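Observations on the three-dimensional arrangement
Read off the chains here:
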Amino acid sequence: MRGWRQGRYRGSIASAPSPARRSRRLAALGGALLAGTAPGAVLAAEVAPLSTAFWTDPQGVAGFAIFLGLVIFSTTTAILHLRQRGRWMARERMLNAELEQLRDAKDRAALLLGSERQLIVSWSGRAAEPRFEGDPTVAGEGAVMRRVLAFGTWLAAADAATLESAVERLRERGEGFSLTARRVGRGHVEVEGRTVGGAALLRLRDVTGDRADLLSVRAELGTLQNELKALRTVLDAIPQPVWLRDAESRLAWANQAYLDAVEAPAFDEAQRRGLELLDAGSRADAHRHRLAGERYGARVAAVVAGQRRILDVTEAPSAGGSAGIAIDVSELEAVRADLQRQMQAHVRTLDQLPTAVAMFDAKQRLIFHNAAYRQLWTLDQTFLDARPSDGEILDRLRTDRKLPEQADFRSWKTGVLSAYRALEPQETWWHLPDRRTLRVVSNPNPQGGLTYLFDDVSERVRLESQYNTLIRVQGETLDTLKEGVAVFGSDGRLKLSNRAFADLWRLAPDTLADQPHIDAVIRFGRELAPVEEPWIDLRGAVAGLPEARMGLTTRIERRDGSVLEAAAQPLPDGATLLTFIDMTASVNVERALLDRNDALEKAARLRDDFVHHVSYELRSPLTNIIGFTQLLGDETVGPLNPRQKEYAGHIMRSSGALLAIINDILDLASVDTGVMELACEAVDIRQTIEAAVRGVADRLAESALSLEIDAPPELGAFAADAKRVRQVLFNLLSNAIGFSSPGQTIRVQARRGGGEVSFAVQDEGRGMPPEVKARVFDRFESHTLGTRHRGVGLGLSIVRSFVELHGGRVELQSSPGAGTTVTCIFPDGGAPTRLAAE
């Protein structure tokens with residue numbers, strides 16, 4: 001039995017499904033139940049094995065119980081799901097129907113919103129973002145949603161401020177509003193604000209059509225009414241009477257000034273009583289002008305508040321009547337008359353002024369000019385009386401070449417005429433072609449136009465230029481002076497000084513800039529020149545009593561050995577001029593001159609001794625040699641052979657030349673020492689020339705030269721030393737012979753006239769270059785110039801000395817290849833018996 005049970009048990013176990021398999025089956029059953037599948041088939045399929053297992057296996061019983069619970073739970077859940085699913089489907093059908101209704105409502109709302117241009121803005125709470133629905137172009141073409149709430153960008157300023165305040169109250173307190181706002185461009189917008197279901201709603205609707213026209217008309221009417229009220233308020237405030245008349249010329253309205261003028265308490269009273277400001281004739285004239293469509297204007301007399309006044313009345317036609325105003329010009333007439341008298345007086349005064357004055361009106365037309373203006377530009381009075389413009393006058397003056405020369409006259413003219421637009425006076429300077437200088441002042445007139453003032457400052461400019469030049473020259477002159485110059489004022493302080501003064505006393509620029517007192521200057525000076533006496537004198541001259549001041553000169557010796565000559569000179573303005581001249585060189589020269597004078601006196605004595613010695617110690621033996629040579633040549637002591645005669649001739653010629661040189665030297669020494677005396681007598685000009693020519697006749701023949709004398713016999717005689725004149729002519733002829741070539745001609749010419757007698761000796765030699773001409777009259781200057789002429793260079797020196805001793809002069813004309821002409825000019829008249837050569 002036990003074995004059977006065991007076998008049966010094992011068989012049950014073996015035939016029962018595994019746990020995994022049971023789990024899969026239970027899962028399949030649950031899935032089928034959840035999926036809504038009928039559980040019958042599944043249950044039938046699964047119950048059989050489970051029931052078998054249940055009865056065969058204890059564990060199957062537990063599994064079956066669990067399975068059964070799951071089946072019951074699944075069945076219950078499925079039943080509940082089916083019921084809920086039915087409810088959901090019913091709810092879905094209800095929601096779909098409601099959705100369709102909402103869609104229809106939305107379409108109708110969109111249709112209503114699109115029926116006109118409008119925009120709705122809503123806020124679900126105070127902090128909520130706005131929601132926009134509708135057309136944003138209600139705020140203007142191209143507007144976006146966010147720009148709509150920026151009311152100031154597309155609405156009038158006043159309306160934008162009002163709307164912003166209303167929206168703020170709507171969102172905070174739920175206060176509704178309705179208003180019409182004006183856009184910045186054209187058109188109006190209706191704005192309505194209200195609360196709906198706890199949300200703030202703002203509706204913006206464009207106003208068009210008749211309503212827009214009505215709003216425009218209302219706005220324009222309000223503006224006109226406000227303007228009319230403002231105009232009447234202003235008219236009531238002005239002091240001039242103003243009135244309106246109807247088509248029948250009856251008084252329709254008048255301001256307060258009109259009522260005061262006719263002494264009426266109110267307009268109704270004035271209208272009822274027919275109180276008129278103008279008389280009947282003036283009103284009739286005004287009525288005729290109105291009927292003709294013309295403006296009436298006249299100056300009339302009227303009684304204003306019981307007083308007779310002069311009124312300027314203007315009445316112009318208007319729609320349905322006319323409007324008029326009266327301006328009281330009584331005081332203006334009195335002022336005008338007084339102004340006319342003053343202007344006439346000013347005209348008479350301006351005509352007497354030397355300054356040219358011209359006035360131009362706002363149209364740049366000449367309205368006044370004085371006589372000086374007309375004389376300045378020499379303009380025709382007829383031209384000026386025609387009231388030319390400023391530009392025409394400038395063109396006229398430019399044509400007459402009276403304006404400053406300008407490269408671009410148009411730009412210059414534009415600059416001149418720009419003064420009409422200036423606010424302040426302008427000053428310019430005109431430099432005219434006739435060397436005059438004008439100071440031109442253009443002064444704008446208060447009532448428009450310009451006044452020109454032309455002031456001829458040529459003389460002032462010239463004097464100022466001369467003064468400035470004089471000051472500069474004086475300053476430069478003082479600074480270039482080697483002498484120290486200082487000017488001290490009446491208070492004893494330094495006012496002016498030059499660089500030499502500062503250098504002399506070593507004064508720093510800072511010290512000079514402080515204008516030191518004379519005592520301070522003396523303290524600096526004593527360091528360089530300690531001697532007291534000169535400084536005491538200078539201080540007394542500068543800082544002494546004005547009555548006791550006088551000029552003085554003193555000498556100051558400085559430590560460095562230099563010597564200054566100080567001079568003080570009082571000036572007319574109370575100042576004192578001090579000058580310091582460095583006399584060191586002069587003192588040294590003075591001392592040297594004294595020493596040299598002593599030396600010259602000694603040299604003069606030695607020269608006199610030398611001349612005396614030569615005269616007696618050298619000339620006497622030479623005279624003996626010449627005398628004995630003549631005796632030998634004359635064969636007085638016996639006959640000579642030819643060679644001896646030749647030697648004797650050479651001795652004679654050499655001795656004669658040596659004697660001539662000695663005589664020239666003695667003559668020059670006599671001239672230099674001033675001991676030569678001229679034996680003045682009547683000298684025949686022709687005979688003197690011939691005597692000189694005889695002295696050189698042999699030399700002329702030897703040199704094969706010809707001589708021409710141009711001296712008319714009627715020249716006569718003149719007062720001179722005949723011997724010295726012959727010596728002058730002899731030297732000139734000797735010099736001409738020495739520089740002439742064979743075959744050439746020497747000419748001697750004599751002329752008289754103009755208080756002078758001239759002798760000219762001309763040769764045809766080689767002539768002299770400029771450098772030789774400059775030294776030809778110097779002593780011992782001998783220039784052969786390629787000729788055979790020899791000499792010690794004293795001939796022309798003696799000529800000049802003798803001619804100048806007579807008070808004449810020597811002229812030389814020579815150039816290479818053109819010969820030489822020497823002219824000696826003597827004064828024609830008596831000559832002193834003794835002349836000293838300088």
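Predicted, not measured: the structure shown is a model, and the values here were computed from it.

1. Looking at the overall build of the protein chain
What the protein chain contains, in helices and strands, is 27 helices and 27 strands. For the protein chain, buried positions account for 34% of its 838 residues. Here the contacts in the protein chain between residues at least 6 apart in sequence split such that 49% fall between residues at least 24 apart.

2. Section: the pairing of strand β26 (residues 809–814)
Here β26 shows one buried face, formed by V810, L812 and S814, and one open face, formed by R809, E811 and Q813. Pairing of β26 with strand β27 (residues 820–827) involves six bridges; the strand directions are antiparallel. In the sheet register, S814 faces β27, and the bridge partner there is T820. The turn joining β26 and β27, which pair antiparallel and follow one another in sequence, is formed by five residues; a positive phi near 85° is taken by G817.

3. A few points about the packing of helix α19 (residues 518–528) against helix α20 (residues 532–543)
With their axes 11 Å apart at the nearest point, α19 and α20 run at an angle of 165° to one another. On the basis of the axis angle, α19 is roughly antiparallel to α20. In the crossing of α19 with α20, the sense of the turn from one axis to the other is right-handed. The residues of α20 that touch α19, namely those facing I518, D519, I522, G525 and R526, are E532, W535, R539, V542 and A543.

4. Regarding the sheet that holds strand β12 (residues 366–369)
In sheet architecture, strand pairing relies on hydrogen bonds along the backbone and comes in two forms, parallel and antiparallel. Taken together, five strands build an open sheet; the order of strands is β12-β11-β15-β14-β13 and the sheet is antiparallel. Looking at strand neighbours, the two that pair on one side only are β12 and β13 (426–431), the edges of this open sheet. Neighbouring strand axes in the sheet, compared pairwise and without regard to direction, differ in orientation by 20° on average. Examined bridge by bridge, strand β14 (residues 437–444) and strand β15 (residues 450–456) share seven bridges and lie antiparallel to one another. Paired with V441 across the strands is L453, a residue of β15.

5. Here's the deal with the pairing of β14
Counting buried positions over the eight residues of β14 gives six, a clear majority of the element. Alignment of β13 against β14, held across six bridges, turns out to be antiparallel. The residue of β14 that forms the bridge with W430 is L438. Where β13 folds back on β14, the antiparallel hairpin that results is connected by five residues, among which R435 adopts a positive phi of roughly 70°. Hairpin connection, β14 to β15: the antiparallel pair is bridged by five residues, and G448 has positive phi, about 105°.

6. Structural notes on unusual backbone geometry
Phi at Q364 is positive, roughly 65°, even though this residue is not glycine. Within the secondary structure layout, Q364 lies in the loop between β11 (356–360) and β12. The residue Q515 is not glycine, and still its phi comes out positive at about 50°. Assignment of secondary structure puts Q515 in the loop between α18 (509–513) and α19. Classification of Q515 as partly exposed rests on a relative accessible area of 33%.

7. Re the sheet that holds strand β17 (residues 494–497)
The strand order across the open sheet built from five strands is β17-β16-β20-β19-β18, with neighbouring strands paired in antiparallel fashion. Edge positions in the open sheet fall to β17 and β18 (552–557), since each of these has one partner strand only. Neighbour to neighbour, the strand axes of the sheet diverge by 20° on average, direction disregarded. Pairing geometry for strand β16 (residues 484–488) and strand β20 (residues 576–582), over five bridges, is antiparallel. Counterpart to F488 in the pairing with β20 is T576. Where α20 meets the sheet, it contacts β16, β18, β19 (563–570) and β20, and its direction lies at approximately 145° from that of β18.

8. Brief notes about empty space enclosed by the protein
If you walk through the whole model with that rule in mind, you get three cavities of 30 Å³ or more. In this structure, the largest cavity occupies an estimated 60 Å³ of space. The greatest single-element share of the lining of the largest cavity, amounting to four residues, is contributed by helix α14 (residues 390–399). Residue composition of the lining of the largest cavity, by class: nine nonpolar, no polar and one charged.

9. Here we look at a nonpolar patch on the surface
Together, V335, L339 and M343 line one region of the surface with nonpolar side chains, adding up to about 270 Å² of accessible area. Following the sequence through the fold, V335 ends up in helix α11 (residues 330–352). Relative accessible area serves as the criterion here: at 52%, V335 is assigned to the exposed category.

10. With respect to helix α23 (residues 685–695)
Listed as buried for α23 are I685, T688, I689, A692 and V693. Along the axis of α23, the buried positions cluster into a sector of 135°, meaning they face one direction only. Facing away from the buried side of α23 by over 90 degrees, the exposed positions are Q687 and R694. The distance from a side-chain oxygen at the start of α23 to the backbone nitrogen of R686 is 3.2 Å, and the residue carrying that oxygen is D684.

Cut-off values and rules
Starting from 1, residues in each chain are numbered consecutively following that chain's sequence as written. Local features in this predicted model are restricted to residues of pLDDT 70 or higher, and side-chain atom pairs are both shown and tallied only at a pLDDT of 80 or more, whereas totals for entire chains, interfaces and linings draw on every residue. Side-chain measures here rest on the full set of heavy atoms in the structure, leaving out hydrogens and waters. Every helix listed is a DSSP run of H or I at least four residues long, and every strand listed is a run of E at least two residues long, numbered separately from the N terminus. Think of it in three bands: with a 1.4 Å probe and only protein chains considered, a residue is buried below 20% of the maximum accessible area for its type, exposed above 50%, and partly exposed in between. Here, two residues are considered to be in contact whenever any of their heavy atoms come within 4.5 Å of each other. In this analysis, strands are considered paired if DSSP registers two or more bridges between them. To define axes, lines are fitted to C-alpha atoms, for helices over the stretch in contact only, and angles between the resulting N-to-C directions are given on a 0 to 180 degree scale. Just so you know how the angles are binned, under 35 degrees is roughly parallel, over 145 roughly antiparallel, 65 to 115 roughly perpendicular, and the rest oblique. By definition, turning the near helix anticlockwise from the far helix through less than a right angle yields a left-handed crossing, and turning it clockwise yields a right-handed one. In this analysis the probe radius is 1.4 Å and the grid spacing 1 Å, with only protein atoms considered; a cavity is a set of points the probe fits into but cannot get out of, a pocket is an open set with protein on both sides within 12 Å along at least five of seven lines, and lining residues have an atom within 4 Å of a point. Grid points are joined across faces, edges and corners, and a volume is the space filled by probe spheres set on the points. Gly counts as polar in this scheme, as do all residues outside two lists: the nonpolar Ala, Val, Leu, Ile, Met, Phe, Trp, Tyr, Cys and Pro, and the charged Asp, Glu, Lys and Arg. Excluding any residue in a salt bridge, patches collect residues exceeding 30% relative accessible area, merging like charges within 9 Å and nonpolar Val, Leu, Ile, Met, Phe, Trp and Tyr side chains within 5 Å. Computed with the Shrake-Rupley method and a 1.4 Å probe, the accessible areas treat only the protein chains shown as cover for residues. The rule for a salt bridge is simple: a side-chain nitrogen of Lys or Arg has to be within 4 Å of a carboxyl oxygen of Asp or Glu. By arc we mean the arc of the directions from the helix axis to the C-beta atoms, nothing more. Identification of polar contacts relies on pairs of N or O atoms within 3.5 Å, with a donor-acceptor requirement for protein atoms, meaning one able to donate a hydrogen and the other able to accept it, and with residues adjacent in sequence counted only if both atoms are side-chain atoms.

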